[in-house]
Amino acid sequence: MTTQTLPQRSNRTLLTGVRWETYQALLSDLAENPSKQLTFDQGSLEIMIPLPEHEINKGFLGRLVQTTTEVLGLEIASLCSTTLSREDLQKGIEPDECYYITNEALVRGKINFDFTVDPVPDLAVEVDIISSSLNRLGIYGALGIEEIWRFDGKNLSIYCLNDGIYEEQERSKVLPILSKSVILNFLQRRGEMGENALFREFRKWLQNHA
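Residues numbered from 1 in each chain as written. Predicted model: local features only at pLDDT ≥ 70, side-chain atom pairs only at ≥ 80, totals over all residues. Heavy atoms only, no water.

**So, the overall build of the protein**
The helix and strand inventory of the protein stands at six helices and twelve strands. Compactness check: the protein gives a C-alpha radius of gyration of 17 Å against a globular reference of 17 Å for 210 residues, within 12% of the reference. The C-alpha extent of the protein, read off along each of the three principal axes, is 55 × 40 × 35 Å. For the protein, the proportion of its 210 residues judged to be buried stands at 47%. Of the contacts made within the protein by residues no fewer than 6 positions apart, 59% connect residues no fewer than 24 positions apart. Total accessible area computed for the protein in this model is approximately 10500 Å², and 47% of it derives from carbon and sulfur atoms. Placing the 21 positive and 30 negative side-chain charges of the protein at their respective mean positions leaves the two points 6 Å apart. (Helix = DSSP H or I, 4+ residues; strand = E, 2+ residues; numbered from the N terminus. Rg over C-alpha atoms; globule rule 2.2 N^0.38 Å. Buried < 20%, exposed > 50% of the residue type's maximum accessible area, 1.4 Å probe, protein only. Contact = heavy atoms within 4.5 Å. Areas by Shrake-Rupley, 256 points an atom, 1.4 Å probe, with all protein chains shown as cover. Lys, Arg positive; Asp, Glu negative; His and termini not counted. Charge placed at Lys NZ, Arg CZ, Asp CG, Glu CD.)

**Points about the packing of helix α2 (residues 52-72) against helix α5 (residues 180-188)**
Each pair of packed helices can be described by the angle between their axes along with the distance between the axes. α5 packs onto α2 with a crossing angle of 130 degrees between their chain directions and a minimal axis gap of 11 Å. With respect to each other, α2 and α5 are oriented oblique. The element α2 and its partner α5 pack so that their crossing is right-handed. Packed against α2, whose contacting residues are Asn57, Phe60, Leu61 and Leu64, the element α5 presents Ile183, Phe186 and Leu187 at the interface. The residue inventory of the contact of α2 with α5, partitioned by class, reads six nonpolar, one polar and no charged. (Axes fitted to C-alpha atoms, helices over the stretch in contact; angles between N-to-C directions. Parallel < 35°, antiparallel > 145°, perpendicular 65-115°, else oblique. Left-handed = near helix turned anticlockwise from the far one by under 90°. Nonpolar A, V, L, I, M, F, W, Y, C, P; charged D, E, K, R; others polar.)

**Structural notes on the sheet that holds strand β10 (residues 147-151)**
In sheet architecture, strand pairing relies on hydrogen bonds along the backbone and comes in two forms, parallel and antiparallel. Read across the open sheet, the six strands follow the order β5-β8-β9-β10-β11-β12; overall the sheet is mixed. Whereas interior strands pair on both sides, the edge strands pair on one side only; in this sheet they are β5 (77-78) and β12 (165-169). Sheet topology places strand β8 (residues 97-100) next to strand β9 (residues 123-127); three bridges connect them, and they run antiparallel. Residue Cys98 lies in a different strand from β9, and its bridge partner there is Ala124. Along the sheet face, α2 touches β8, β9 and β10 and points at about 155 degrees away from the line of β9. (Pairing = 2+ DSSP bridges.)

**A short note on the state of the cysteines**
A complete count under the given rule lists zero disulfides for this structure. Between Cys80, a cysteine without a disulfide, and Cys98, which holds the nearest cysteine sulfur, the sulfur-to-sulfur distance is 7.4 Å. Classification of Cys80 as partly exposed rests on a relative accessible area of 42%. Unpaired in terms of disulfides, Cys160 finds its nearest cysteine sulfur in Cys98, a separation of 16 Å. Of the residues examined, Cys160 reaches a relative accessible area of 7% and is grouped as buried. (Disulfide = S-S within 2.5 Å.)

**Focus on the nonpolar core**
If you look at the biggest cluster of nonpolar residues, it comprises 29 residues, and the most contacted ones within it are Trp149, Leu178 and Ile183. For this core, the elements supplying multiple residues, two or more each, are α2, β9, β10, β11 (156-162), α5 and α6 (195-209). Each residue touching Leu178, except ones within four places of it in the same chain, is listed here: Leu64, Thr68, Trp149, Arg171, Ser172, Ile183, Phe202, Trp205 and Leu206. Phe115, Leu143, Ile148 and Leu161 belong to the second-largest nonpolar core, a separate cluster that totals 17 residues. (Core = buried A, V, L, I, M, F, W, Y, C linked by side-chain atoms within 4.5 Å.)

**Things to note about the confidence of the model for the protein**
Here the protein shows a mean pLDDT of 92. Residues at 70 or above account for 95%. By mean pLDDT, the top-scoring element of the protein is β8 (98), and the lowest-scoring one is strand β1 (residues 2-5) (52). Contacts of residues 5-9 to residues separated by more than four positions or lying in other chains number eleven contacts, the stretch itself having pLDDT below 50. (pLDDT = per-residue confidence, 0-100.)

Right under this line is the structure:
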């Protein structure tokens with residue numbers, strides 16, 4: 001096993017030659033330590049310590065999803081940053097946020113998940129201020145996550161899975177009321193007013209466009 005500390009702001013470490021059992025043991029050991037995020041892809045393990053900018057944007061996007069479903073009267077189940085992994089694929093990832101919306105009824109009340117049997121979340125949120133050294137979209141695609149929102153601090157991308165390949169879209173498939181431009185507009189205005197005031201405005205926008 002080799003270790004590489006990535007140069008950008010030193011918040012990521014990449015390990016190679018890691019066994020699945022080692023990855024599982026680290027997940028267990030770090031279960032009570034949410035300050036570290038693990039990504040595994042066929043023997044490569046990336047350990048990331050989120051920066052404040054990452055956490056701020058993650059929380060805002062999560063609240064945006066939750067507010068949208070509430071105003072539209074949609075049921076939702078959140079797995080937050082729960083590890084999504086499959087040993088048969090040798091892949092595992094911890095999204096910043098993830099939600100069941102379309103498939104919420106299929107997992108309602110569940111506590112334990114087996115993603116070789118259970119559906120995966122419909123939507124995952126990725127805040128990637130510092131680019132990952134691993135192909136996170138490839139991991140999500142292999143697991144079958146239908147939609148990814150990826151925000152890099154400036155630009156927002158919406159990726160929808162089509163025949164196993166992510167295609168960038170202008171509008172959410174899971175929450176079609178939301179376009180990339182609408183989401184980005186509210187993200188960019190976060191520093192202009194208090195967050196609660198901004199979300200009151202967002203609620204009014206949703207009500208007017210529902």
